[in-house]
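# Coordinate analysis (summary)
The primary structure of each chain is shown beneath.
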Amino acid sequence: MRALRGSNVLQNEYYTWLKHDKHSGAFTVLLKPDARRMASLLNLGDPSREPLCLQCHATYVPDAELRGEKFDIEDGVSCESCHGAAGRWLESHAVAGATHAENRARGLTDTVSLTSRAALCLSCHYGDGDKRVTHDLYGAGHPRLSFELDTFGVMEPKHWVIDDDYLKRKGPYVPVAAWIIGQQALAEGIVRTLSSPELSRNGMFPELSVFDCYSCHHSLSEEQWKRRTYGGKPGRLAVNIAPLLMIREALVALNQPDAPEFAALVSTLHDSYQSDGAPQALARLQALLAGSVGDFARRMPGDEAASLAIMRQLASFGAQAEALKYEAAEQIGMGIQAAMATSPRLSAKFKAPLDRLFVTLESARSFSPAKFKEAASQLALKLS
Ligand code: HEC
Ligand code: HEC
Ligand code: HEC
Ligand code: HEC
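These notes cover the structure that comes with them. Nothing here was measured: the structure is a model prediction, and the numbers come from that model. (Residues numbered from 1 in each chain as written. Chains lettered and ligands numbered in written order. Predicted model: local features only at pLDDT ≥ 70, side-chain atom pairs only at ≥ 80, totals over all residues. Heavy atoms only, no water.)

### Some thoughts on the overall build of the protein
Which entries qualify depends on this criterion: Per the convention used, a helix needs a DSSP run of H or I reaching at least four residues, while a strand needs a run of E reaching at least two, with both numbered from the N terminus. Only protein chains enter the area calculation, which uses a 1.4 Å probe; residues under 20% of their type maximum are buried, those over 50% are exposed, and those in between are partly exposed. Should any heavy atoms of two residues lie within 4.5 Å, those residues are considered in contact. Here, Shrake-Rupley sampling with a 1.4 Å probe gives the accessible areas, and only protein chains in the shown set may cover a residue.
Helix and strand counts for the protein come out as 20 helices and zero strands. Residues classed as buried in the protein amount to 44% of the 384 residues present. Nonlocal contacts in the protein, meaning residues at least 24 apart in sequence, comprise 68% of its contacts between residues at least 6 apart. In the form shown here, the protein has an accessible surface area of approximately 20,700 Å², with 55% of it arising from carbon and sulfur atoms.

### A short note on the coordination of the iron atom of ligand 3
Around a metal, the ideal angle is 109.5 degrees if four donors adopt a tetrahedral arrangement and 90 or 180 degrees if six donors adopt an octahedral arrangement. Just so we agree on the cut-off: In this description, a donor is an N, O or S atom within 2.8 Å of the metal centre, a cutoff extended to 3.2 Å for sodium, potassium and calcium. Water is not part of the atom list, which can make sites seem incomplete. In short, tetrahedral needs four donors with all angles between 85 and 135 degrees, square planar needs four and octahedral six donors with opposite donors over 155 degrees apart and all other angles between 65 and 115, and whatever is left is irregular.
Note on the iron atom of ligand 3: its protein donors are His-23 (NE2) and His-125 (NE2). The metal-donor distances range over 1.9 to 2.0 Å. Coordination at the iron atom of ligand 3 comes from six donor atoms whose angles at the metal span 85 to 179 degrees, giving a geometry best classed as octahedral. Of the two residues, His-23 is situated in the loop between helix H1 (13-20) and helix H2 (33-41) and His-125 in helix H7 (residues 114-125); the sequence distance between them amounts to 102 residues. Its relative accessible area of 21% is what places His-23 among the partly exposed residues.

### A look at the coordination of the iron atom of ligand 1
The coordination sphere of the iron atom of ligand 1, as far as protein atoms go, consists of His-57 (NE2) and His-142 (NE2), spread over 2.0 to 2.1 Å. Considering all six donor atoms around the iron atom of ligand 1, the spread of angles at the metal, 87 to 179 degrees, places the coordination shape in the octahedral class. Of this pair, His-57 sits in helix H3 (residues 51-57) while His-142 sits in the loop between helix H8 (135-139) and helix H9 (149-155), and the two are 85 residues apart along the sequence. In this pair, the class of His-57 matches that of His-142, namely buried.

### Regarding the site of ligand 2
This is how the line gets drawn: Nearness of a residue to a molecule or strand requires only that one of the residue's heavy atoms be within 4 Å of it. N or O atoms closer than or at 3.5 Å make up a polar contact, with two conditions inside protein: a donor-capable atom paired with an acceptor-capable one, and, for residues adjacent in sequence, both atoms drawn from side chains.
What surrounds ligand 2 is a group of 19 residues, the closest being Cys-79, Cys-82, His-83, His-159 and Tyr-166. The side chain of His-83 places a nitrogen or oxygen atom 2.8 Å from a nitrogen atom of ligand 2. Take Arg-169: an N or O atom from its side chain is 2.9 Å from an oxygen atom of ligand 2. For the shell around ligand 2, the secondary structure elements donating two or more residues are H1, helix H4 (79-83) and helix H10 (164-170).

### Focus on the pattern of salt bridges
Which entries qualify depends on this criterion: One speaks of a salt bridge when a side-chain nitrogen belonging to Lys or Arg is within 4 Å of a carboxyl oxygen belonging to Asp or Glu.
Taken as a whole and assessed by the stated rule, the structure comprises 10 salt bridges. Salt-bridge contacts for Glu-330 lead to Arg-144; the nearest nitrogen and oxygen are separated by 3.4 Å. In this pair, Glu-330 sits in helix H18 (residues 326-340) while Arg-144 sits in the loop between H8 and H9, placing the two residues 186 residues apart along the sequence. For Arg-345, the salt bridge goes to Glu-304, with nearest N and O atoms at 2.5 Å. Of this pair, Arg-345 sits in helix H19 (residues 344-359) while Glu-304 sits in helix H17 (residues 304-320), and the two are 41 residues apart along the sequence. Classification of Arg-345 by relative accessible area gives exposed; the value is 59%.

### What to know about empty space enclosed by the protein
The cut-off we apply is this: Only protein atoms enter the calculation, which uses a 1 Å grid: trapped sets of points that fit a 1.4 Å probe without letting it out are cavities, open sets showing protein on both sides within 12 Å along at least five of seven lines are pockets, and any residue with an atom within 4 Å of a point is a lining residue. Grid points are joined across faces, edges and corners, and a volume is the space filled by probe spheres set on the points. Residues are grouped as follows: nonpolar covers Ala, Val, Leu, Ile, Met, Phe, Trp, Tyr, Cys and Pro; charged covers Asp, Glu, Lys and Arg; every other residue, Gly included, is treated as polar.
Under the definition given, this model contains one cavity of 30 Å³ or more. Considering the residues around the largest cavity, the lining is formed by 25 residues, among which Tyr-126, Tyr-138, Leu-145, Ser-209 and Asn-240 are closest to the centre. Sorting the residues of the lining of the largest cavity by element identifies helix H11 (175-195), helix H13 (242-253) and H18 as the ones contributing at least two each. Among the residues making up the lining of the largest cavity, the classes are represented as 13 nonpolar, seven polar and five charged.

### Structural notes on the site of ligand 3
Lining the immediate environment of ligand 3, one finds 16 residues, of which His-23, Cys-56, Cys-121, Cys-124 and His-125 sit closest. His-23 places a polar side-chain atom, nitrogen or oxygen, 2.7 Å from a nitrogen atom of ligand 3. His-125 is positioned such that a nitrogen or oxygen atom in its side chain is 2.8 Å from a nitrogen atom of ligand 3. Of all elements in the fold, only H3, H7 and H9 reach the threshold of two or more residues within the shell around ligand 3. Tallying contributions element by element places H7 first for the shell around ligand 3, with four residues.

Quick look at the structure:
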């Protein structure tokens, strides 16, 4: 890649992606023994030729006529997977004065708007349509998917720098805003999946990946039944609704009028999904997420006071909840981290107790709800 003089972007995007971004190796993992074994357990052929795997592990363009000259599937999840097919904007977007709106009109994907960025990432990190990691894939050894827009954006790692020039061109990036918009997009995905005739409990067989993995995959020797409160319903499967719980907590933290209704709907979904599919609660949640709750997420204040309120709310949720599942505990940790990242002052003050909370999240296998609760209580105390 040749550096452009007078350009306002880093021009080491390629290097960052190649050396540090796991996306550049997303195709190569399909050549490795783990992926081959996974495919053979699933009675599939070569995973590096299997559309099911390629649609998330590469820039997947099955129609050869649509591939450009430099197309190479081995590039994995490459620039064009995220920024769109470059044929029509590659030359023009680097010309001085090219505006973002002009570039988008030529097919550049909008990665700046957090709503469309979340949809982009989640198309692979949660799945959409036929593109999903089902329990069959998990059973064959696929790693568990989890996602939080701010945290994963930092981990990727960033190949852009938010300096004065970026701010002028694209506006500010607020971590806590990325967090809530990511949760909103995940919550919409979950509600859609749970309402879908094919995947839900009404399908041929309920798709196990919509439930908390650790409601089945915990060791019986942990004797969780001695400690957990089951709301009178032991032995039930719990749907994985961690992002809905995060939104519920944000609505409470910022005193939103929707908070009580949203909380009641989430409880109904949790309690009655397995017995009757909770169709009314799902329909109402969908309407709220598309309406007033969605508006709240898109406009949530990202100042220090709001961030602190969210940190407090999430920490006390973690401190009070009985036997939290790993999925929810992990989202609490990432949510607090995103809110803290909004202000250097908050980071300076609360980084150490938050690090101690993350120690309890290191391994999903050996996760101890009691240790998490203890660390969350300590953090809540510091925040109060
Ligand atoms: C819905 C999208 C999706 C599909 C379909 C999918 N994957 Fe993945 N896969 C991912 C994501 C996202 C990750 C990274 C998860 C993480 O680390 O958070 C991943 C991770 C992996 C890893 C671990 C990579 C590493 O660095 O250790 C392997 C191996 C893998 N996938 C193999 C497969 C195979 C084989 C198939 C097809 C049978 C497949 N995947 C289908 C999205 C998908
Ligand atoms: C996993 C998705 C993903 C991949 C892969 C990816 N990008 Fe990006 N890129 C983003 C996001 C998100 C942003 C931040 C939002 C923005 O500024 O558009 C961004 C921003 C940029 C910017 C804007 C910097 C600025 O100052 O305005 C450039 C240039 C860029 N990427 C180039 C590349 C190149 C070149 C590659 C391939 C080597 C690549 N990207 C691969 C997601 C991705
Ligand atoms: C086309 C599908 C696709 C899209 C779009 C995508 N990813 Fe990924 N992502 C993957 C796959 C597949 C992997 C696993 C690669 C591997 O481990 O080799 C991955 C891995 C990652 C990892 C590394 C996870 C780990 O465990 O180390 C991060 C972080 C990540 N993606 C963030 C993002 C973000 C942020 C976006 C949106 C801006 C995004 N991804 C968009 C498919 C995608
Ligand atoms: C309703 C209960 C249930 C839920 C929920 C569930 N699983 Fe499973 N899982 C099973 C059963 C039953 C098996 C088959 C057990 C066996 O072969 O020993 C299995 C097998 C597996 C295996 C293969 C284990 C082995 O040792 O062969 C993996 C890995 C796995 N599941 C991962 C997951 C993940 C990740 C999730 C959440 C996204 C999840 N499961 C959710 C019931 C569940």
